[in-house]
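What follows is the residue order along each chain.
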Amino acid sequence: MTSRLENYIAEGRTLDADEREIAALFLQQVDEDRQAEVDAAWDETINRRLDELLSGKVEPVSGRATRAKARELLAQRRK
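Thresholds, definitions, all that
- Residues numbered from 1 in each chain as written.
- Predicted model: local features only at pLDDT ≥ 70, side-chain atom pairs only at ≥ 80, totals over all residues.
- Heavy atoms only, no water.
- Patch = residues over 30% accessible without salt bridge, like charges linked within 9 Å, V, L, I, M, F, W, Y side chains within 5 Å.
- Areas by Shrake-Rupley, 256 points an atom, 1.4 Å probe, with all protein chains shown as cover.
- Salt bridge = Lys/Arg side-chain N within 4 Å of Asp/Glu carboxyl O.
- Helix = DSSP H or I, 4+ residues; strand = E, 2+ residues; numbered from the N terminus.
- Buried < 20%, exposed > 50% of the residue type's maximum accessible area, 1.4 Å probe, protein only.
- Expected span 1.5 Å × (residues − 1).
- Polar contact = N/O pair within 3.5 Å; in protein donor to acceptor, adjacent residues only side chain to side chain.
- 1 Å grid on protein atoms, 1.4 Å probe; cavity = no way out; pocket = protein on both sides within 12 Å on 5 of 7 lines; lining within 4 Å.
- Points joined across faces, edges and corners; volume = space filled by probe spheres on them.
- Nonpolar A, V, L, I, M, F, W, Y, C, P; charged D, E, K, R; others polar.

1. What to know about a nonpolar patch on the surface
Judged by side-chain polarity, Met 1, Leu 5, Tyr 8 and Ile 9 come together as a nonpolar surface patch covering roughly 440 Å² of accessible area. In this structure, Leu 5 sits in helix α1 (residues 3-13). Here Leu 5 falls in the partly exposed class, since its relative accessible area comes to 41%.

2. Remarks on the environment of Gln 76
Among the structural elements, Gln 76 can be located in helix α4 (residues 63-78). The class of Gln 76 is partly exposed, set by a relative accessible area of 45%. Linking Gln 76 and Ala 10, residues 66 residues apart in sequence, is a C-alpha distance of 45 Å.

3. Looking at helix α2 (residues 17-28)
For α2, with 12 residues, the first-to-last C-alpha span of 17 Å sits near the 16 Å given by 1.5 Å per residue. Where α2 starts, the residue carrying a side-chain oxygen 3.1 Å from the main-chain nitrogen of Asp 18 turns out to be Asp 16.

4. Focus: the layout of surface pockets
Approximately 210 Å³ is the volume found for the largest pocket. Along the lines of polarity and charge, the residues of the lining of the largest pocket split into 6 nonpolar, 1 polar and 2 charged.

5. Quick notes on the pattern of salt bridges
It is possible for side chains of opposite charge to pair when their charged atoms get near one another. For the coordinates displayed, the defined rule picks out 3 salt bridges. For Arg 48, the salt bridge is made with Glu 52, and the minimal N-O distance between the two is 3.5 Å. One end of the pair, Arg 48, and the other, Glu 52, are both in helix α3 (residues 32-55), 4 residues apart, so they sit about a helical turn from each other. Looking at Arg 48, the relative accessible area reads 42%, which means it is partly exposed. The salt bridge involving Lys 69 is made with Glu 72; its shortest N-O contact spans 3.6 Å. With Lys 69 and Glu 72 both in helix α4, this residue pair falls 3 residues apart, about one helical turn. Accessibility expressed as a relative area gives 42% for Lys 69, which makes it partly exposed.

Structure (structure tokens):
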């Protein structure tokens, strides 16, 4: 953690509960232009994946099968 961040946190601790909540909400907000970029990227990804499913290019896999495969891969890594 940088000293600059440490100073911000120390200053933030001096705020009352309402001020801290307001500050936290402002810090969590994403710039509208940046959010539009993120939304556009997700839209593109969703549309591409949907097209892949509908065209038969990829086969859907159940959540259960995905979790089983992930557990299998993790178990192999731990060996």
